[in-house]
Amino acid sequence: MRISFCCANVEAAPWLQGLRAALPQATVEEWQPGAPQADHAVVWAPPQRFLDEQPRLKGIFAIGAGVDALLKLAVPAGALVVRIDDGGMAVQMAEYVCHAAIRHFRELDAYDADVRQGLWSFRRPHERSDFPVGVMGLGVLGQRVARALAHFEFPVLGWSRTPRDVPGIRCYAGREQFGDFLERSRILVCLLPLTPETEGIMNADHLSRLLPGGYVINVARGAHLVDEDLIALLDSGRLAGATLDVFRTEPLPPQHPFWRHPRITVTPHTSARTLRDESIAQIAGKILALGRGEPIAGVVDLERGY
Ligand code: NAP
Ligand code: GLV
(Lines give C-alpha, C1' and ligand atoms only; values in the text may rest on other atoms or scores of the structure.)
(Ligands and ions follow the chains in the order given, each with its own letter.)
Protein backbone atom coordinates (compact mmCIF):
# COMPACT_ATOMS: atom_id res chain seq x y z
CA MET A 1 0.00 0.00 0.00
CA ARG A 2 1.30 3.44 -0.93
CA ILE A 3 0.30 6.63 0.89
CA SER A 4 1.08 10.06 -0.50
CA PHE A 5 1.36 13.06 1.85
CA CYS A 6 0.61 16.46 0.31
CA CYS A 7 -0.09 19.19 2.87
CA ALA A 8 0.63 22.87 2.22
CA ASN A 9 2.32 24.83 5.03
CA VAL A 10 2.75 21.73 7.19
CA GLU A 11 6.13 20.33 8.27
CA ALA A 12 6.09 16.95 6.55
CA ALA A 13 8.80 15.04 8.46
CA PRO A 14 6.91 14.36 11.73
CA TRP A 15 3.76 13.38 9.83
CA LEU A 16 5.69 10.98 7.60
CA GLN A 17 7.43 9.48 10.65
CA GLY A 18 4.11 9.09 12.52
CA LEU A 19 2.26 7.58 9.56
CA ARG A 20 5.13 5.14 8.88
CA ALA A 21 5.11 4.05 12.53
CA ALA A 22 1.33 3.61 12.53
CA LEU A 23 1.24 1.81 9.16
CA PRO A 24 4.55 -0.14 8.94
CA GLN A 25 3.25 -2.20 6.03
CA ALA A 26 2.75 0.95 3.90
CA THR A 27 5.12 3.05 1.81
CA VAL A 28 4.51 6.63 2.97
CA GLU A 29 6.07 9.43 0.95
CA GLU A 30 5.77 13.16 0.54
CA TRP A 31 4.33 13.86 -2.90
CA GLN A 32 6.54 15.23 -5.65
CA PRO A 33 5.20 15.90 -9.17
CA GLY A 34 5.43 12.69 -11.18
CA ALA A 35 5.55 10.43 -8.09
CA PRO A 36 4.09 6.89 -8.35
CA GLN A 37 0.34 6.61 -7.89
CA ALA A 38 -0.84 6.05 -4.33
CA ASP A 39 -3.74 4.16 -2.75
CA HIS A 40 -4.46 6.82 -0.16
CA ALA A 41 -3.59 10.48 0.27
CA VAL A 42 -3.18 12.64 3.37
CA VAL A 43 -3.79 16.22 2.31
CA TRP A 44 -4.33 19.85 3.20
CA ALA A 45 -4.81 22.38 0.40
CA PRO A 46 -3.23 20.15 -2.26
CA PRO A 47 -2.70 21.51 -5.79
CA GLN A 48 -5.09 20.26 -8.48
CA ARG A 49 -2.09 18.63 -10.16
CA PHE A 50 -1.70 16.30 -7.19
CA LEU A 51 -5.25 14.99 -7.60
CA ASP A 52 -4.95 14.85 -11.39
CA GLU A 53 -1.90 12.59 -11.05
CA GLN A 54 -3.66 10.25 -8.57
CA PRO A 55 -6.68 8.79 -10.38
CA ARG A 56 -6.54 5.53 -8.39
CA LEU A 57 -6.91 6.99 -4.89
CA LYS A 58 -9.32 5.08 -2.64
CA GLY A 59 -9.21 7.53 0.24
CA ILE A 60 -8.31 11.23 0.48
CA PHE A 61 -7.81 12.07 4.14
CA ALA A 62 -7.93 15.78 4.99
CA ILE A 63 -5.98 16.70 8.13
CA GLY A 64 -8.70 19.14 9.25
CA ALA A 65 -12.43 19.11 9.87
CA GLY A 66 -13.47 21.48 7.06
CA VAL A 67 -13.12 20.27 3.47
CA ASP A 68 -14.48 23.34 1.65
CA ALA A 69 -11.13 24.13 -0.03
CA LEU A 70 -10.61 20.51 -1.07
CA LEU A 71 -14.08 20.26 -2.59
CA LYS A 72 -13.34 23.22 -4.86
CA LEU A 73 -10.92 20.88 -6.68
CA ALA A 74 -11.78 18.06 -9.05
CA VAL A 75 -11.51 14.97 -6.86
CA PRO A 76 -10.81 11.58 -8.55
CA ALA A 77 -14.06 9.69 -9.13
CA GLY A 78 -14.49 6.83 -6.69
CA ALA A 79 -12.22 8.27 -3.97
CA LEU A 80 -13.70 8.72 -0.50
CA VAL A 81 -13.03 12.16 0.96
CA VAL A 82 -12.57 11.81 4.71
CA ARG A 83 -12.20 14.57 7.26
CA ILE A 84 -10.90 14.63 10.83
CA ASP A 85 -13.73 13.70 13.11
CA ASP A 86 -13.03 15.54 16.40
CA GLY A 87 -9.43 14.28 16.84
CA GLY A 88 -9.09 16.56 19.89
CA MET A 89 -10.57 19.61 18.16
CA ALA A 90 -13.95 19.55 19.92
CA VAL A 91 -12.58 20.24 23.37
CA GLN A 92 -10.41 23.07 22.00
CA MET A 93 -13.43 24.57 20.27
CA ALA A 94 -15.46 24.32 23.47
CA GLU A 95 -12.71 26.12 25.42
CA TYR A 96 -12.42 28.85 22.82
CA VAL A 97 -16.14 29.56 22.41
CA CYS A 98 -16.89 29.42 26.15
CA HIS A 99 -13.98 31.77 26.76
CA ALA A 100 -15.23 34.26 24.17
CA ALA A 101 -18.85 34.09 25.37
CA ILE A 102 -17.91 34.40 29.03
CA ARG A 103 -15.46 37.24 28.36
CA HIS A 104 -18.28 39.15 26.72
CA PHE A 105 -20.96 38.20 29.29
CA ARG A 106 -18.73 39.07 32.26
CA GLU A 107 -17.42 42.27 30.57
CA LEU A 108 -13.87 41.14 31.20
CA ASP A 109 -12.45 43.41 28.50
CA ALA A 110 -13.99 46.43 30.26
CA TYR A 111 -12.60 45.27 33.62
CA ASP A 112 -9.22 44.83 31.98
CA ALA A 113 -9.33 48.40 30.62
CA ASP A 114 -10.31 49.75 34.07
CA VAL A 115 -7.57 47.83 35.82
CA ARG A 116 -4.99 49.14 33.38
CA GLN A 117 -5.98 52.63 34.53
CA GLY A 118 -5.69 51.64 38.19
CA LEU A 119 -9.48 51.62 38.66
CA TRP A 120 -11.10 49.27 41.21
CA SER A 121 -14.63 49.47 39.81
CA PHE A 122 -17.65 47.17 39.65
CA ARG A 123 -20.26 46.56 36.99
CA ARG A 124 -23.73 45.24 37.64
CA PRO A 125 -23.75 41.49 36.87
CA HIS A 126 -25.87 40.48 33.87
CA GLU A 127 -28.60 37.88 34.05
CA ARG A 128 -27.49 34.68 32.31
CA SER A 129 -31.05 34.24 31.04
CA ASP A 130 -30.58 37.48 29.04
CA PHE A 131 -27.69 35.90 27.09
CA PRO A 132 -29.08 32.94 25.15
CA VAL A 133 -26.41 31.48 22.90
CA GLY A 134 -27.36 30.17 19.45
CA VAL A 135 -24.98 27.63 17.91
CA MET A 136 -25.25 27.25 14.12
CA GLY A 137 -24.14 23.73 13.29
CA LEU A 138 -24.81 20.79 15.61
CA GLY A 139 -22.17 18.44 14.27
CA VAL A 140 -19.10 17.04 15.97
CA LEU A 141 -17.87 20.47 17.09
CA GLY A 142 -21.16 22.31 17.46
CA GLN A 143 -22.68 19.73 19.81
CA ARG A 144 -19.61 19.75 22.02
CA VAL A 145 -19.64 23.55 22.14
CA ALA A 146 -23.37 23.67 22.88
CA ARG A 147 -23.00 21.21 25.76
CA ALA A 148 -20.07 23.16 27.21
CA LEU A 149 -22.04 26.42 27.09
CA ALA A 150 -25.03 24.73 28.75
CA HIS A 151 -22.68 23.54 31.50
CA PHE A 152 -22.18 27.24 32.36
CA GLU A 153 -25.98 27.53 32.52
CA PHE A 154 -26.44 29.77 29.50
CA PRO A 155 -29.69 29.06 27.67
CA VAL A 156 -28.41 27.29 24.54
CA LEU A 157 -30.12 26.95 21.17
CA GLY A 158 -28.82 24.92 18.25
CA TRP A 159 -29.56 24.98 14.54
CA SER A 160 -28.81 22.28 12.00
CA ARG A 161 -29.89 21.22 8.51
CA THR A 162 -31.74 18.13 9.69
CA PRO A 163 -33.51 17.84 13.07
CA ARG A 164 -31.20 16.95 15.98
CA ASP A 165 -32.00 16.04 19.54
CA VAL A 166 -29.31 17.26 21.95
CA PRO A 167 -30.16 17.00 25.65
CA GLY A 168 -30.35 20.44 27.28
CA ILE A 169 -30.24 22.29 23.95
CA ARG A 170 -33.27 23.82 22.26
CA CYS A 171 -32.88 22.48 18.73
CA TYR A 172 -34.06 24.13 15.51
CA ALA A 173 -33.64 22.80 11.97
CA GLY A 174 -33.82 23.99 8.41
CA ARG A 175 -34.50 27.35 6.80
CA GLU A 176 -38.10 27.39 8.06
CA GLN A 177 -36.94 27.49 11.72
CA PHE A 178 -33.91 29.71 11.15
CA GLY A 179 -35.76 32.99 11.86
CA ASP A 180 -37.08 31.74 15.21
CA PHE A 181 -33.61 30.50 16.13
CA LEU A 182 -32.01 33.87 15.34
CA GLU A 183 -34.69 35.92 17.07
CA ARG A 184 -34.18 33.95 20.32
CA SER A 185 -30.35 34.14 20.25
CA ARG A 186 -28.16 36.94 21.59
CA ILE A 187 -24.73 35.41 21.16
CA LEU A 188 -24.40 33.69 17.77
CA VAL A 189 -21.74 31.02 17.25
CA CYS A 190 -20.96 29.78 13.73
CA LEU A 191 -19.85 26.14 13.48
CA LEU A 192 -21.26 25.37 10.05
CA PRO A 193 -19.29 23.87 7.18
CA LEU A 194 -18.75 26.30 4.32
CA THR A 195 -21.05 25.23 1.48
CA PRO A 196 -22.98 27.14 -1.19
CA GLU A 197 -25.95 27.11 1.24
CA THR A 198 -24.05 28.58 4.19
CA GLU A 199 -21.73 31.09 2.48
CA GLY A 200 -22.57 34.63 3.63
CA ILE A 201 -25.12 33.35 6.16
CA MET A 202 -24.02 35.98 8.68
CA ASN A 203 -25.26 38.94 6.67
CA ALA A 204 -27.08 42.16 7.63
CA ASP A 205 -30.52 40.60 7.28
CA HIS A 206 -29.77 37.62 9.52
CA LEU A 207 -27.51 39.36 12.06
CA SER A 208 -30.02 42.16 12.63
CA ARG A 209 -32.55 39.55 13.76
CA LEU A 210 -30.53 38.65 16.85
CA LEU A 211 -31.76 39.90 20.22
CA PRO A 212 -30.59 43.44 21.06
CA GLY A 213 -26.92 43.52 22.08
CA GLY A 214 -26.10 40.66 19.72
CA TYR A 215 -22.59 39.22 19.71
CA VAL A 216 -20.97 37.12 16.98
CA ILE A 217 -18.41 34.33 17.43
CA ASN A 218 -17.17 32.96 14.10
CA VAL A 219 -15.00 29.88 14.39
CA ALA A 220 -16.02 28.16 11.15
CA ARG A 221 -14.92 29.91 7.92
CA GLY A 222 -14.41 33.57 7.02
CA ALA A 223 -16.80 33.39 4.07
CA HIS A 224 -19.73 32.65 6.40
CA LEU A 225 -19.59 36.33 7.39
CA VAL A 226 -20.24 39.40 5.25
CA ASP A 227 -17.47 41.58 6.67
CA GLU A 228 -18.93 44.98 5.79
CA ASP A 229 -22.35 44.02 7.21
CA LEU A 230 -20.77 43.15 10.55
CA ILE A 231 -18.87 46.46 10.67
CA ALA A 232 -22.01 48.46 9.82
CA LEU A 233 -24.07 46.69 12.52
CA LEU A 234 -21.33 47.21 15.11
CA ASP A 235 -20.90 50.89 14.21
CA SER A 236 -24.66 51.52 14.37
CA GLY A 237 -24.81 49.88 17.83
CA ARG A 238 -27.13 47.10 16.60
CA LEU A 239 -24.50 44.52 17.54
CA ALA A 240 -22.32 44.70 20.66
CA GLY A 241 -19.20 42.94 19.41
CA ALA A 242 -17.57 39.97 17.76
CA THR A 243 -14.83 37.42 18.26
CA LEU A 244 -13.47 36.22 14.92
CA ASP A 245 -11.02 33.37 14.41
CA VAL A 246 -11.45 32.88 10.65
CA PHE A 247 -11.35 35.29 7.72
CA ARG A 248 -12.08 35.48 4.02
CA THR A 249 -8.37 36.03 3.40
CA GLU A 250 -5.87 34.45 5.77
CA PRO A 251 -3.59 35.77 7.11
CA LEU A 252 -5.96 38.73 7.67
CA PRO A 253 -4.54 41.50 5.42
CA PRO A 254 -2.79 44.28 7.39
CA GLN A 255 -5.22 46.97 6.20
CA HIS A 256 -8.38 45.03 7.07
CA PRO A 257 -10.60 47.04 9.47
CA PHE A 258 -11.15 43.99 11.72
CA TRP A 259 -7.61 44.37 13.08
CA ARG A 260 -8.32 47.72 14.70
CA HIS A 261 -12.07 47.70 15.35
CA PRO A 262 -12.65 48.38 19.07
CA ARG A 263 -15.48 45.84 19.31
CA ILE A 264 -13.79 43.01 17.45
CA THR A 265 -11.40 40.47 18.91
CA VAL A 266 -9.25 38.71 16.31
CA THR A 267 -7.36 35.43 16.66
CA PRO A 268 -5.30 33.79 13.88
CA HIS A 269 -7.40 30.70 13.00
CA THR A 270 -6.36 28.94 16.14
CA SER A 271 -9.61 28.03 17.90
CA ALA A 272 -9.20 24.29 17.22
CA ARG A 273 -5.88 23.10 15.89
CA THR A 274 -5.21 19.77 14.22
CA LEU A 275 -3.41 17.63 16.78
CA ARG A 276 -0.83 15.60 14.89
CA ASP A 277 -0.63 12.43 16.95
CA GLU A 278 -4.40 12.10 17.37
CA SER A 279 -4.94 12.78 13.67
CA ILE A 280 -2.31 10.26 12.55
CA ALA A 281 -3.88 7.62 14.80
CA GLN A 282 -7.34 8.42 13.43
CA ILE A 283 -6.27 8.38 9.77
CA ALA A 284 -4.22 5.17 10.16
CA GLY A 285 -7.15 3.49 11.94
CA LYS A 286 -9.49 4.47 9.13
CA ILE A 287 -7.12 3.27 6.39
CA LEU A 288 -6.89 -0.11 8.13
CA ALA A 289 -10.68 -0.24 8.62
CA LEU A 290 -11.24 0.51 4.93
CA GLY A 291 -8.83 -2.33 4.08
CA ARG A 292 -11.00 -4.67 6.15
CA GLY A 293 -14.11 -3.39 4.38
CA GLU A 294 -15.48 -1.73 7.53
CA PRO A 295 -17.39 1.56 7.59
CA ILE A 296 -15.56 4.65 8.91
CA ALA A 297 -16.70 7.97 10.42
CA GLY A 298 -16.08 11.33 8.81
CA VAL A 299 -16.75 10.41 5.18
CA VAL A 300 -17.76 13.57 3.33
CA ASP A 301 -20.97 13.57 1.33
CA LEU A 302 -19.82 15.26 -1.89
CA GLU A 303 -23.36 16.27 -2.86
CA ARG A 304 -24.04 17.93 0.50
CA GLY A 305 -20.56 19.48 0.61
CA TYR A 306 -19.63 18.39 4.14
P1 NAP B 1 -19.92 18.53 11.04
O2 NAP B 1 -19.79 17.46 12.06
O3 NAP B 1 -20.01 18.14 9.60
O4 NAP B 1 -21.23 19.37 11.42
C5 NAP B 1 -21.77 20.33 10.57
C6 NAP B 1 -23.09 20.81 11.15
O7 NAP B 1 -23.56 21.90 10.35
C8 NAP B 1 -24.17 19.74 11.14
O9 NAP B 1 -24.98 19.84 12.29
C10 NAP B 1 -25.00 20.12 9.91
O11 NAP B 1 -26.38 19.76 9.95
C12 NAP B 1 -24.90 21.63 9.96
N13 NAP B 1 -25.20 22.21 8.65
C14 NAP B 1 -24.58 21.99 7.46
N15 NAP B 1 -25.17 22.67 6.46
C16 NAP B 1 -26.21 23.32 7.04
C17 NAP B 1 -27.22 24.16 6.53
N18 NAP B 1 -27.29 24.48 5.23
N19 NAP B 1 -28.15 24.64 7.39
C20 NAP B 1 -28.11 24.31 8.71
N21 NAP B 1 -27.16 23.50 9.26
C22 NAP B 1 -26.24 23.02 8.42
O23 NAP B 1 -18.72 19.56 11.15
P24 NAP B 1 -17.77 19.87 12.41
O25 NAP B 1 -16.73 18.84 12.56
O26 NAP B 1 -18.63 20.18 13.58
O27 NAP B 1 -17.03 21.20 11.89
C28 NAP B 1 -17.74 22.36 11.52
C29 NAP B 1 -16.84 23.35 10.83
O30 NAP B 1 -15.95 23.96 11.76
C31 NAP B 1 -15.89 22.77 9.77
O32 NAP B 1 -16.56 22.55 8.55
C33 NAP B 1 -14.82 23.84 9.67
O34 NAP B 1 -15.15 24.77 8.66
C35 NAP B 1 -14.88 24.52 11.03
N36 NAP B 1 -13.63 24.33 11.79
C37 NAP B 1 -12.91 25.43 12.16
C38 NAP B 1 -11.76 25.26 12.91
C39 NAP B 1 -10.95 26.45 13.38
O40 NAP B 1 -9.85 26.30 13.86
N41 NAP B 1 -11.47 27.66 13.29
C42 NAP B 1 -11.34 23.99 13.29
C43 NAP B 1 -12.09 22.91 12.89
C44 NAP B 1 -13.24 23.08 12.15
P45 NAP B 1 -26.81 18.21 10.05
O46 NAP B 1 -26.52 17.84 11.49
O47 NAP B 1 -28.25 18.23 9.77
O48 NAP B 1 -25.97 17.46 9.06
C1 GLV C 1 -9.64 23.99 10.51
O2 GLV C 1 -10.08 25.04 10.22
C3 GLV C 1 -10.26 22.76 10.16
O4 GLV C 1 -11.19 22.75 9.35
O5 GLV C 1 -9.84 21.73 10.72
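Residues numbered from 1 in each chain as written. Chains lettered and ligands numbered in written order. Predicted model: local features only at pLDDT ≥ 70, side-chain atom pairs only at ≥ 80, totals over all residues. Heavy atoms only, no water.

### Looking at the site of ligand 2
Then step 1. In the vicinity of ligand 2, the contacting residues are Trp-44, Gly-64, Ala-65, Gly-66, Met-89, Arg-221 and His-269.
Then step 2. Here an oxygen atom of ligand 2 and a side-chain polar atom of Arg-221 are 2.8 Å apart.
Then step 3. Within the side chain of His-269, a nitrogen or oxygen atom sits 2.6 Å from an oxygen atom of ligand 2.
Then step 4. Relative to its unbound accessible surface of 190 Å², ligand 2 loses 86% to contact with the protein. (Near = heavy atom within 4 Å. Polar contact = N/O pair within 3.5 Å; in protein donor to acceptor, adjacent residues only side chain to side chain. Areas by Shrake-Rupley, 256 points an atom, 1.4 Å probe, with all protein chains shown as cover.)

### Thoughts on the domain arrangement of the chain
The accessible area lost on association of the parts is a frequent measure of interface size.
Then step 1. Here the chain is partitioned into domain 1 (2-87 + 274-291) and domain 2 (90-266).
Then step 2. With seven residues of domain 1 at the interface, the matching set in domain 2 holds five residues.
Then step 3. Between domain 1 and domain 2, roughly 570 Å² of surface is buried when both sides are summed, and carbon and sulfur atoms account for 47% of that area.
Then step 4. When the area that domain 1 buries against domain 2 is broken down by residue, the three leading residues are Asp-68, Asp-86 and Leu-275, summing to 66%.
Then step 5. Joining domain 1 to domain 2, the criterion identifies one salt bridge.
Then step 6. There are two residue pairs in polar contact (both at pLDDT 80 or more) connecting domain 1 and domain 2.
Then step 7. Taken together, the residues of the side of domain 1 that touches domain 2 break down into two nonpolar, one polar and four charged. (Domains from an automatic or database assignment. Contact = heavy atoms within 4.5 Å. Buried area = accessible area lost by both parts, 1.4 Å probe. Salt bridge = Lys/Arg side-chain N within 4 Å of Asp/Glu carboxyl O. Nonpolar A, V, L, I, M, F, W, Y, C, P; charged D, E, K, R; others polar.)

### A word on the site of ligand 1
Then step 1. Neighbouring ligand 1 are 30 residues; Arg-83, Leu-141, Thr-162, Arg-164 and Tyr-306 lie closest to it.
Then step 2. Taking Val-140, its main chain carries an N or O atom lying 2.9 Å from an oxygen atom of ligand 1.
Then step 3. Here a nitrogen atom of ligand 1 and a side-chain polar atom of Glu-197 are 3.0 Å apart.
Then step 4. Out of a free accessible area of 940 Å², ligand 1 has 95% covered by protein chains.
Then step 5. In terms of residue count, the dominant contributor to the shell around ligand 1 is helix α5 (residues 140-151) (three residues).
Then step 6. In terms of residue class, the shell around ligand 1 is made up of 15 nonpolar, nine polar and six charged.
Then step 7. Two domains each provide a minimum of three residues to the shell around ligand 1, namely domain 1 (2-87 + 274-291) and domain 2 (90-266). (Helix = DSSP H or I, 4+ residues; strand = E, 2+ residues; numbered from the N terminus.)

### Considerations on the sheet that holds strand β7 (residues 156-160)
Then step 1. Taken together, the seven strands give an open sheet; going across it, the order is β8-β7-β6-β9-β10-β11-β12, and neighbouring strands pair in parallel fashion. Of all strands in the sheet, those bounded by a partner on one side alone are β8 (170-173) and β12 (264-266). The mean angle between the axes of side-by-side strands here comes to 15°, regardless of whether they run parallel or antiparallel.
Then step 2. Where β7 lies against β8, four bridges are found, and the strand directions are parallel. Counted as the bridge partner of Trp-159 is Tyr-172 from β8.
Then step 3. Of the strands in this sheet, β10 (214-218), β11 (239-244) and β12 are in contact with helix α8 (residues 227-235), which crosses β11 at around 140°. (Pairing = 2+ DSSP bridges. Axes fitted to C-alpha atoms, helices over the stretch in contact; angles between N-to-C directions.)

### Comments concerning the state of the cysteines
Then step 1. The full count for this structure, using the stated rule, is zero disulfides.
Then step 2. Cys-7 provides the cysteine sulfur closest to Cys-6, a residue in no disulfide bond, and the two sulfurs are 6.8 Å apart.
Then step 3. The exposure class assigned to Cys-6 is buried, which follows from its relative accessible area of 9%. (Disulfide = S-S within 2.5 Å. Buried < 20%, exposed > 50% of the residue type's maximum accessible area, 1.4 Å probe, protein only.)

### Notes on the layout of surface pockets
Then step 1. In this structure, the second largest pocket encloses a volume near 330 Å³.
Then step 2. Considering every element that reaches the lining of the second largest pocket, the biggest residue donor is helix α4 (residues 108-116), with three residues. (1 Å grid on protein atoms, 1.4 Å probe; cavity = no way out; pocket = protein on both sides within 12 Å on 5 of 7 lines; lining within 4 Å. Points joined across faces, edges and corners; volume = space filled by probe spheres on them.)

### With respect to the pattern of salt bridges
Then step 1. This model, assessed by the stated rule, comprises 12 salt bridges.
Then step 2. Note that Glu-29 and Arg-2 form a salt bridge whose closest N and O atoms lie 2.6 Å from each other. Highlighted residues: Glu-29 in strand β2 (residues 27-30) and Arg-2 in strand β1 (residues 2-7), separated in sequence by 27 residues.
Then step 3. Overall, the relative accessible area of 35% leaves Glu-29 in the partly exposed class.
Then step 4. Among the residues examined, Arg-2 registers a relative accessible area of 25% and is labelled partly exposed.
Then step 5. Notably, a salt bridge pairs Asp-112 with Arg-116, separated by 3.3 Å at the nearest N-O pair. Highlighted residues: Asp-112 and Arg-116, both in helix α4, separated by four residues, approximately one helical turn.
Then step 6. Overall, Asp-112 belongs to the partly exposed group, its relative accessible area being 36%.
Then step 7. Each of the salt bridges in this network shares a partner with another, and the network as a whole consists of Glu-107, Asp-114 and Arg-123.

### Structural notes on the pairing of β10
Then step 1. Counting buried positions along β10 gives five out of five residues, so the element sits mostly inside the fold.
Then step 2. Of the two faces of β10, the one lined by Gly-214, Val-216 and Asn-218 and the one lined by Tyr-215 and Ile-217 are each fully buried.
Then step 3. Pairing of strand β9 (residues 187-190) with β10, which is carried by four bridges, proceeds in the parallel orientation. Bridge pairing in β10 places Cys-190 opposite Asn-218.
Then step 4. Both β10 and β11 contribute to a ladder of five bridges, which runs parallel. If you follow Tyr-215 over to β11, its bridge partner there is Gly-241.
Then step 5. Taking the sense of rotation as the criterion, the β-α-β connection linking β10, α8 and β11 turns out right-handed. (Right-handed = clockwise from strand over helix to strand, strands pointing away.)

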